[in-house]
Amino acid sequence: MNTTTFPLPDAPLRIAAAQTRSVPGDVEANAAAAARLVRAAADAGAAVVVFPEKFLSGYEPGLIRADPERCAVSPDDPRLAPVAEACRASGVTALVGAAVRDGGELYVSALAVGGTGVVGRYDKQTLFKSERALYRHGSAGATLQVGSWRLGLGICYDSGFPEHARAAALDGCHAYVVGALFGEGGGHHESRIWFPARAFDNTVYAVLANHVGVTGGWRACGASAIWGPDGRVVAEGGPADEELVLADLLPERLRAAREAEPMLRDLHDTGAGPRTLVRAAPGG
């Protein structure tokens, strides 16, 4: 798809990455915390707030497997009402990580919540190896439109695959927005390679909302952040505390990055077509 079909946004968008900890298996407590952070994000001028992966229950595969009715949510779950009410009162759109029960299956999802409740959902397409016995792969990508901004949605391991963010960019997205669980050890290193690469390769903003504390046996490394379309950090959180990481996404910064690095404009079927095999002569 030609990305020139989708114009640049016509105004800035303030976005918040909610770096926070979950109460294991307690959807009601976590929904109340999400509502509180939605209101705090609104007070800070944000129009969108992004939460970590499976925030509503915690990562917690054991709890979710043992009692999915209690620890996962349904698309019309009444326990989401506090989040919807906070969004209605503030005008904020929330992207809330959740394990979702739907049609007898479980998904790792990002729920787009507005004042009327859940207005859309993205199901994680690239499941981590330990997730595949419990969850189904999502069948499609998702783009969230907020004003004139197009936000491509991802969840954690999705962000490790260049094709995932590229698909969002080719759908005209201006930002790649991800809730995740990156743990201490290799997680911080991975995120600091993946996210600036996704941003720079596609000249989009990249947004990461990560857990802090312990969830599902992982000790999260925090460091939620927002990268500009040139791959440089715009805002970054600390390693251990709850906080809102805020940034203004700017149309003029997108324009400047795309003029300096015209990869999307110049993109053709690089690497997708036939390849020629060249054999070295014996002896070099």
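What you are looking at is a predicted structure, and each value in this text was computed from that prediction instead of being measured. (Residues numbered from 1 in each chain as written. Predicted model: local features only at pLDDT ≥ 70, side-chain atom pairs only at ≥ 80, totals over all residues. Heavy atoms only, no water.)

Overview of helix 4 (residues 81–90)
Of all the residues in helix 4, the buried ones are Val83, Ala84, Ala86 and Cys87. Buried residues along helix 4 cover an arc of 160° about the axis, so they all sit on one side. The inward-facing, buried residues of helix 4 contact helix 1 (27–43), strand 3 (93–102), strand 4 (105–114) and strand 5 (117–123). Following helix 4 by one or two positions, glycine 91 adopts a phi angle in the positive range, close to 80°. (Buried < 20%, exposed > 50% of the residue type's maximum accessible area, 1.4 Å probe, protein only. Helix = DSSP H or I, 4+ residues; strand = E, 2+ residues; numbered from the N terminus. Arc of directions from axis to C-beta. Contact = heavy atoms within 4.5 Å.)

Considering the packing of helix 1 against helix 4
Describing two packed helices takes the angle between their axes plus the distance from one axis to the other. Following both chains from N to C, one finds helix 1 and helix 4 inclined at 10°, their axes separated by 8 Å at the closest point. If you check the angle between helix 1 and helix 4, you find them roughly parallel. Handedness of the crossing formed by helix 1 with helix 4: right-handed. Of helix 4, the residues touching helix 1 (which contributes Ala31, Ala34, Ala35, Val38, Arg39 and Ala42) are Pro82, Val83, Ala86, Cys87 and Ser90. Classifying every residue of the contact of helix 1 with helix 4 gives nine nonpolar, one polar and one charged. (Axes fitted to C-alpha atoms, helices over the stretch in contact; angles between N-to-C directions. Parallel < 35°, antiparallel > 145°, perpendicular 65-115°, else oblique. Left-handed = near helix turned anticlockwise from the far one by under 90°. Nonpolar A, V, L, I, M, F, W, Y, C, P; charged D, E, K, R; others polar.)

Side note on the nonpolar core
Residues Leu151 and Val177 are the most contacted members of the largest nonpolar core, which totals 54 residues. Ignoring sequence-local partners within four residues, the contact set of leucine 151 consists of Leu13, Val48, Ala142, Thr143, Leu144, Val146, Cys173, Ala175 and Val177. Phe55, Leu56, Val92 and Val100 belong to the second largest nonpolar core, which has 28 residues in total. (Core = buried A, V, L, I, M, F, W, Y, C linked by side-chain atoms within 4.5 Å.)

Section: helix 1
For helix 1, spanning 17 residues, the distance from its first C-alpha to its last is 24 Å, which sits close to the expected 24 Å at 1.5 Å a residue. Contacts from the buried residues of helix 1 go to strand 1 (13–19), strand 2 (48–50), helix 3 (68–71), helix 4, strand 3 and strand 14 (243–249). Following helix 1 by one or two positions, glycine 45 adopts a phi angle in the positive range, close to 90°. (Expected span 1.5 Å × (residues − 1).)

What to know about the packing of helix 5 (residues 162–170) against helix 6 (residues 186–202)
Their axes nearest at 10 Å, the elements helix 5 and helix 6 cross at an angle of 40°. Judged on the interaxial angle alone, helix 6 and helix 5 are oblique. As helix 5 packs across helix 6, the resulting crossing turns out to be right-handed. Between helix 5, through Pro162, Ala165, Arg166 and Ala169, and helix 6, the contact on the second element is made entirely by Arg198, Asp201 and Asn202. A class-by-class count of the residues in the contact of helix 5 with helix 6 yields three nonpolar, one polar and three charged.

So, the sheet that holds strand 13 (residues 233–236)
Two strands in a sheet stick together by hydrogen bonds in their backbones, pointing the same way (parallel) or opposite ways (antiparallel). Spatially, six strands are ordered 6-7-8-9-12-13 in an open sheet, and the strand pairing comes out mixed. Pairing within the sheet leaves two strands with one partner each, and these edge strands are strand 6 (143–146) and strand 13. On average, each strand axis in the sheet is inclined to that of its neighbour by 20°, with strand direction left out of account. (Pairing = 2+ DSSP bridges.)

What about the side chain of histidine 164?
By the element assignment, histidine 164 lies in helix 5. A polar contact is formed between the side chain of histidine 164 and the side chain of glutamine 125, at a distance of 3.0 Å. Once you skip the residues sitting within four places of it in the chain, histidine 164 turns out to touch Tyr122, Gln125, Leu153, Gly154, Asp158 and Tyr176. (Polar contact = N/O pair within 3.5 Å; in protein donor to acceptor, adjacent residues only side chain to side chain.)

Some words on the packing of aromatic side chains
Applying the stated criterion to the full structure yields eight aromatic pairs. Consider the rings of phenylalanine 128 and tyrosine 157, whose centres lie 5.3 Å apart with planes at 90°: the pair is edge-to-face. Of this pair, phenylalanine 128 sits in the loop between strand 5 and strand 6 while tyrosine 157 sits in the loop between strand 7 (149–155) and helix 5, placing them 29 residues apart in sequence. Residue classification places phenylalanine 128 among the partly exposed residues on the basis of a relative accessible area of 27%. With a centroid separation of 5.3 Å and an interplanar angle of 20°, the aromatic rings of phenylalanine 195 and tryptophan 227 are classed as stacked. Note that phenylalanine 195 is positioned in helix 6 and tryptophan 227 in strand 12 (residues 225–227), a separation of 32 residues in sequence. Owing to a relative accessible area of 2%, tryptophan 227 belongs among the buried residues under this scheme. By the ring-pair criterion, three or more aromatic residues cluster together here, those being Phe128, Tyr157, Phe161, Phe182, Trp194, Phe195 and Trp227. Between the NZ or CZ atom of arginine 150 and the centre of the ring of phenylalanine 6, over which it lies, the distance is 4.1 Å. (Phe/Tyr/Trp six-rings, centres within 6.5 Å; stacked < 30°, edge-to-face > 60°. Lys NZ or Arg CZ within 6 Å of the ring centre and 35° of its normal.)

Examining unusual backbone geometry
The phi dihedral of cysteine 156 falls on the positive side, at around 45°, and the residue is not glycine. For cysteine 156, the location among the structural elements is in the loop between strand 7 and helix 5. Although it is not a glycine, threonine 203 sits at a positive phi angle of roughly 45°. If you trace the backbone, threonine 203 turns up in the loop between helix 6 and strand 9 (205–210).

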